[in-house]
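In case you want the letters, here they are:
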Amino acid sequence: MILLPVLNNPYNYNMEKLLCGVDLGGTKLSVGLINTEGKIQDKFTVYDHVGKDEIKIVDQITGLIRQLISKNGLAESDLKGIGMGFPGHVRYKDGYTLTTSNLKGFKNFPLRHSVAKHFKIPVLLDNDANAQAFCEFKFGTGMGYESLIFLTISTGIGAGIILDKKLYRGITGTAGEFGHTIVNPESDLVCTCGNKGCLMACACGLALPHLFKKKIAEGMRTTLPLDADFDYSKIDGKMIKQGFDSGDPVSASIMKECADYIGIIVYNIFQIFNPPLIILGGGLCCWGCSYLEHVRRKFKELARDMIFDRIDILESSAGGDAGLIGAAALLLE
Ligand SMILES: [Zn+2]
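Since the model is a prediction, treat every value here as computed from it, not as a measurement.

A. Inspection of the pattern of salt bridges at higher detail. In total, this model carries 15 salt bridges according to the counting rule given. Between R169 and E333 there is a salt bridge, with its nearest N and O atoms 2.8 Å apart. Here R169 is found in the loop between β10 (166-167) and α4 (199-202), whereas its partner E333 is found in the segment after α9 (322-329), with 164 residues between them in sequence.

Structure, rendered in structure tokens:
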């Protein structure tokens with residue numbers, strides 16, 4: 001007898017179990033059912049978790065998972081497990097959250113256990129950038145590579161390290177905090193960690209208001225239509241992109257400066273890991289081709305004749321649900 005593959009089976013009922021992903025962010029909380037091809041079957045996204053304490057957020061997460069299971073006519077045993085991504089430091093071994101600047105509380109909080117005690121299936125907890133990196137590796141730009149480094153550059157900077165098909169987490173689980181590596185000790189830009197000259201202080205959304213103010217104070221003129229009492233803390237990636245596109249010299253100078261720093265970190269990553277691929281993602285990548293080209297140019301200028309094998313520096317392709325899909329995909333690691 002010839003067994004034909006089951007087609008048109010959106011839930012893979014008779015094939016592989018579905019994965020449940022949870023992406024707990026500073027503005028949104030998403031819970032989804034994801035198949036082993038990385039496709040979302042169904043998801044809920046809420047925003048009213050912001051400001052709640054840890055216990056209430058755990059209740060909300062478990063409630064949303066149960067709703068999703070029953071809405072899709074499933075039982076808990078139809079799921080392979082639950083993978084969660086958290087916006088901060090996580091101790092991977094015991095599933096404690098250590099710190100976060102995006103949510104209230106969660107200092108030394110047993111998040112994995114607090115969710116796991118409501119279910120019989122396995123529950124995993126990791127940092128959200130690690131989850132995104134794993135999504136790129138399984139289903140995105142990193143497909144087909146054995147190792148890669150993923151950098152996400154938006155308001156802050158996160159990263160994930162994949163070596164030989166596994167996430168490298170370090171002894172605690174906090175490896176890959178490239179945002180806190182110091183790229184300019186002479187800088188007077190202070191990072192959220194308190195140090196001066198961290199990559200995060202110099203080259204992401206958090207840095208933009210300070211960079212803009214600095215350029216104006218140095219005498220550069222902007223062509224952006226700003227009022228005399230303009231609040232510089234409102235400067236964000238979109239404004240810089242608009243400015244760049246309309247020929248504003250301040251915006252162009254900021255974009256170049258940020259790209260230089262990202263080029264430096266890409267070079268440092270190259271020297272430390274010698275990876276075949278570095279993926280750049282996050283909101284500031286909307287700055288587009290000239291930004292990415294500038295990053296590549298800076299990297300090549302520093303690496304010169306030390307590149308012996310091909311290294312790809314590519315844009316992320318996993319999209320806005322990378323954190324959710326990646327968290328679920330951790331169950332496949
Ligand atoms: Zn720092």
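B. Spotlight on the nonpolar core. Counting 49 residues, the largest nonpolar core has I262, L280 and Y291 as the members making the most contacts within it. Elements supplying a minimum of two residues to this core: β8 (148-153), β9 (157-163), α4, α5 (208-217), α6 (237-245), α7 (249-273), β11 (277-281) and α8 (289-303). Ranked by the residues each element gives to this core, the list is headed by α7, at twelve residues. I69, I82, L103 and V115 belong to the second largest nonpolar core, which has 31 residues in total.

C. Broad picture of the coordination of the zinc ion. The coordination sphere of the zinc ion, as far as protein atoms go, consists of H180 (ND1), C191 (SG), C193 (SG) and C198 (SG), spread over 2.1 to 2.4 Å. Taken together, the four donor atoms coordinating the zinc ion and their angles of 101 to 133 degrees define a geometry best described as tetrahedral. The motif formed by the donor residues of the zinc ion, counted along the single chain, is H-x10-C-x1-C-x4-C.

D. Quick look at the sheet that holds strand β4 (residues 79-86). On the basis of which strands lie adjacent, the open sheet formed by five strands has the order β3-β2-β1-β4-β7 and mixed pairing. In this open sheet, the two strands that pair with only one neighbour each are β3 (40-46) and β7 (123-127). Across the sheet, the mean angle from the axis of one strand to that of its neighbour is 15 degrees, orientation sign disregarded. Here β4 runs beside β7; their pairing, made up of five bridges, is parallel. Across the sheet, the residue bridging to G85 is D126, located in β7. Helix α3 (residues 128-139) rests against β1 (18-24), β4 and β7 of the sheet, and its axis sits at about 100 degrees to β7.

E. Looking closely at the packing of α7 against α8. As a packed pair, α7 and α8 sit with axes 8 Å apart at the nearest point and diverge in direction by 45 degrees. For the element pair α7 / α8, the angle class is oblique. Once α7 is placed against α8, the crossing between them reads as right-handed. Facing M255, K256, C258, A259, D260, I262, G263, I264, V266, Y267 and F270 of α7, the residues of α8 in contact are S290, Y291, H294, V295, K298, F299, L302 and A303.

F. Spatial organisation of unusual backbone geometry. If you check the backbone angles, F106 has positive phi at about 65 degrees while not being a glycine. Mapped onto the elements, F106 comes out in the loop between β6 (96-99) and α2 (111-116). We note that R304 has phi near 40 degrees; this positive angle belongs to a residue other than glycine. In this structure, R304 sits in the loop between α8 and β12 (312-315).

G. Representation of the packing of α6 against α7 within the structure. Contact pair α6 / α7: the axes reach a minimum separation of 7 Å and the direction vectors enclose 115 degrees. Pair α6 / α7 crosses with left-handed handedness. Contacts from M239, I240, G243 and F244 of α6 reach α7 at S251, A252, I254 and M255. Of the residues belonging to the contact of α6 with α7, the class tally is six nonpolar, two polar and no charged.

H. Region of the structure containing the packing of aromatic side chains. Tallying each qualifying case throughout the model produces eight aromatic pairs. With a centroid separation of 5.5 Å and an interplanar angle of 85 degrees, the aromatic rings of F106 and F109 are classed as edge-to-face. Measuring from ring centre to ring centre gives 5.6 Å for F134 and F137, while their planes differ by 45 degrees; the resulting arrangement is tilted. You can see F134 and its partner F137 sitting in helix α3, three residues apart, about one turn around the helix. For the pair F134 and F137, one class covers both residues: buried.

I. Looking closely at the confidence of the model for the chain. Taken over all residues, the pLDDT of the chain has a mean of 93, while the share at 70 or more is 95%. Between residues 4-9, whose pLDDT stays under 50, and residues either more than four places distant or in other chains, the model counts three contacts.

J. Highlighting the environment of E146. By secondary structure assignment, the location of E146 is in the loop between α3 and β8. Along the backbone, E146 and K165 are 19 residues apart, and their C-alpha atoms lie at a distance of 5.1 Å. When near neighbours in sequence (up to four residues on either side) are disregarded, E146 contacts F137, I162, L163, D164 and K165.

K. Looking closely at the sheet that holds β11. In spatial order, the strands read β10-β9-β8-β11-β12; together these five strands make up an open sheet with mixed pairing. Strands with a single pairing partner mark the edges of an open sheet, and in this sheet they are β10 and β12. In this structure, β8 lies alongside β9, joined through six bridges in antiparallel fashion. Of the residues in β9, the one forming a bridge with L148 is I162.

L. Structural detail: the pairing of β3. Looking at chain direction, strand β2 (residues 29-34) and β3 are connected through six bridges and run antiparallel. Its bridge partner lying in β3, V31 is registered against F44. Linkage of β2 to β3, two consecutive antiparallel strands, is achieved through a turn of five residues, within which G38 is found at a positive phi near 80 degrees.

What counts, and at which threshold
Residues numbered from 1 in each chain as written. Predicted model: local features only at pLDDT ≥ 70, side-chain atom pairs only at ≥ 80, totals over all residues. Heavy atoms only, no water. Salt bridge = Lys/Arg side-chain N within 4 Å of Asp/Glu carboxyl O. Helix = DSSP H or I, 4+ residues; strand = E, 2+ residues; numbered from the N terminus. Core = buried A, V, L, I, M, F, W, Y, C linked by side-chain atoms within 4.5 Å. Buried < 20%, exposed > 50% of the residue type's maximum accessible area, 1.4 Å probe, protein only. Donors = N, O, S within 2.8 Å, 3.2 Å for Na, K, Ca; no water. Tetrahedral: all angles 85-135°; square planar, octahedral: opposite > 155°, others 65-115°. Pairing = 2+ DSSP bridges. Axes fitted to C-alpha atoms, helices over the stretch in contact; angles between N-to-C directions. Contact = heavy atoms within 4.5 Å. Parallel < 35°, antiparallel > 145°, perpendicular 65-115°, else oblique. Left-handed = near helix turned anticlockwise from the far one by under 90°. Nonpolar A, V, L, I, M, F, W, Y, C, P; charged D, E, K, R; others polar. Phe/Tyr/Trp six-rings, centres within 6.5 Å; stacked < 30°, edge-to-face > 60°. pLDDT = per-residue confidence, 0-100.

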